[in-house]
Amino acid sequence: MFIAVGTPTRRGDGHADLKYVYAAAEEIAKYLQGYTVIVDKSTVPVGTARNVERIIRETNPQADFDVASNPEFLREGAALSDFMRPDRVIIGVESDRAEAVLRELYQPINLIEAPIMKTDLESAELIKYASNAFLATKISFINEISMLCEAIGADVHAVAKGMGLDGRIGRKFLHAGPGYGGSCFPKDTQALVRIAQEHGVSSRIVESVIEVNAAQKARMINKIRTALGGSEAGKTIAVLGLTFKPETDDMRDAPALAILPALLDKGATIKAHDPQGMEEAKELLPDSVSYHEDIMSTVDNADAVVLMTEWNTYRGMNLKDILKKMSGNAFIDLRNVYEAEQMQKAGFEYHCVGRI
Ligand code: UGA
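What you are looking at is a predicted structure, and each value in this text was computed from that prediction instead of being measured.

Student: Give a description of the packing of aromatic side chains that names residues and reports values.
Tutor: One pair of aromatic rings is described through two measures. These are the centre distance and the angle between the planes. Going through the model one piece at a time under the given rule, you end up with five aromatic pairs. Pairing Phe-331 with Tyr-338 gives two aromatic rings, centres 5.8 Å apart and planes at 80°, and the pair type is edge-to-face. Ring geometry for Phe-331 versus Phe-348: centroids 5.4 Å apart, planes at 75°, classification edge-to-face. Placement of Phe-331 in strand β10 (residues 330–333) and of Phe-348 in the loop between α14 (340–346) and β11 (349–351) is noted, with a sequence separation of 17 residues between them. By the burial criterion, Phe-331 is buried, and Phe-348 matches it. Among the aromatic residues, those joined into a ring-pair cluster are Phe-331, Tyr-338, Phe-348 and Tyr-350.

Right under this line is the structure:
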């Protein structure tokens, strides 16, 4: 039996809210018959598996069960392929019986040689947080380096590629951009800091990762302001992409949620487009944002275009047509999709992240 419910950030203290996990444990306990492995799939703070065990034991003292921790590493928009071809499967178990059940369950995946790693409950729970925090660290690291690139005239693409060719570093998750968002990295980095605090341990690196990410979003606001000649007041900005990444309608902690309200506050008019995220965005962004069904009507009469999310549909755009529609020529590419030379040739005043 898998517990795979949400663990959102609890309001006020950054801790993961476990009420859904514990409610599921209580509910399951009543119906247990025969030996059952209860698997924690939700991302839960260290110690949760033991609490789930206690709740089940208290609710149904006769039950024959083990609790296991089996964190998931799926990305939104790529969940099926991540599930079928995982880099690893982590199973935190404390009995041979539970281990045998989970190994059998994952046998088909083991056949494609994905390593199945057995560990204790606490380590399995921490592997999930440590993995997400490390990936977030790579992103904040390259975002900080992108700032240095801008200051010294280096190219963050070249720097990331040159670093990534070292197998110990790896090329993935070194794309500079407007900061990470989504339902996982912001929540899990905060939760890791809370877990460390509760255990009297410092987590200065992860705390800095969170700070650098917030600063990166703020830096994007300045970048847009500079591209507009120092003030966004009275300017029309066309925003392409609202979701925290492509191939999802998810707006949770999307950089757009931090950047757009700041631009509106300073008197900008915002026209927005997103292939999937507009419905959710309408709930979360100020009412003054206008939404458009296609790229051309979004950029119509705009002083600047901001490419916020790297949807494929924004990669091969007809640049000449876009420029004709606009009233200005600033193009702020927060995902480094285009090349400066190509954009300048097309007539844009081009700005990106970490590349001059
Ligand atoms: C992330 C992890 O990648 C999954 O392994 C994990 O299972 C999942 O969280 C989770 O904990 O459930 P996800 O949030 O779907 O997956 O999205 P990512 O593809 O990791 O992207 C997260 C954010 O980082 C996005 O805003 C993306 O734009 C940003 N990012 C990613 C960068 O800015 N640069 C990069 O190089 C990579």
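Picking up after the structure, the text goes on.
Student: Describe the site of the ligand, listing the residues and the values that go with them.
Tutor: In the vicinity of the ligand lie 19 residues, with Phe-73, Leu-74, Glu-76, Lys-128 and Asn-132 positioned nearest. At 2.9 Å, a backbone N or O of His-175 approaches an oxygen atom of the ligand. For the ligand, an oxygen atom lies 3.1 Å from a polar atom in the side chain of Lys-245. Protein coverage of the free-state accessible area of the ligand, which is 720 Å², stands at 91%. Looking at the shell around the ligand, the elements with two or more residues in it are α6 (121–152) and α8 (185–198). Broken down by element, the shell around the ligand gets its largest block of residues, three residues, from α6. Residue classes in the shell around the ligand are distributed as nine nonpolar, three polar and seven charged.

Student: Give me the lowdown on the environment of Gln-344, citing residues and values where you can.
Tutor: Looking at the secondary structure, you find Gln-344 in helix α14. Gln-344 sits in the partly exposed class, given a relative accessible area of 48%. Once the C-alpha coordinates of Gln-344 and Phe-331 are considered, the two residues, 13 residues apart in sequence, prove to be 9.8 Å apart.

Student: If you had to explain the nonpolar core to someone new, which residues and values would you point to?
Tutor: Grouped together as the largest cluster of nonpolar side chains are 36 residues, with contacts concentrated most on Leu-242, Ile-259 and Leu-260. For this core, the element with the highest residue contribution is helix α10 (residues 255–265), accounting for five residues. Per-domain counts for this core show at least three residues from each of domain 2 (128–211) and domain 3 (217–351). In contact with Ile-259, not counting residues within four places along its chain, are Pro-178, Lys-217, Met-220, Ile-221, Ile-224, Met-308 and Leu-334. By size, the runner-up hydrophobic cluster in this structure holds 22 residues, among which are Leu-240, Tyr-314, Met-317 and Cys-352.

Reading the values: the criteria
- Residues numbered from 1 in each chain as written.
- Predicted model: local features only at pLDDT ≥ 70, side-chain atom pairs only at ≥ 80, totals over all residues.
- Heavy atoms only, no water.
- Phe/Tyr/Trp six-rings, centres within 6.5 Å; stacked < 30°, edge-to-face > 60°.
- Helix = DSSP H or I, 4+ residues; strand = E, 2+ residues; numbered from the N terminus.
- Buried < 20%, exposed > 50% of the residue type's maximum accessible area, 1.4 Å probe, protein only.
- Near = heavy atom within 4 Å.
- Polar contact = N/O pair within 3.5 Å; in protein donor to acceptor, adjacent residues only side chain to side chain.
- Areas by Shrake-Rupley, 256 points an atom, 1.4 Å probe, with all protein chains shown as cover.
- Nonpolar A, V, L, I, M, F, W, Y, C, P; charged D, E, K, R; others polar.
- Core = buried A, V, L, I, M, F, W, Y, C linked by side-chain atoms within 4.5 Å.
- Domains from an automatic or database assignment.
- Contact = heavy atoms within 4.5 Å.

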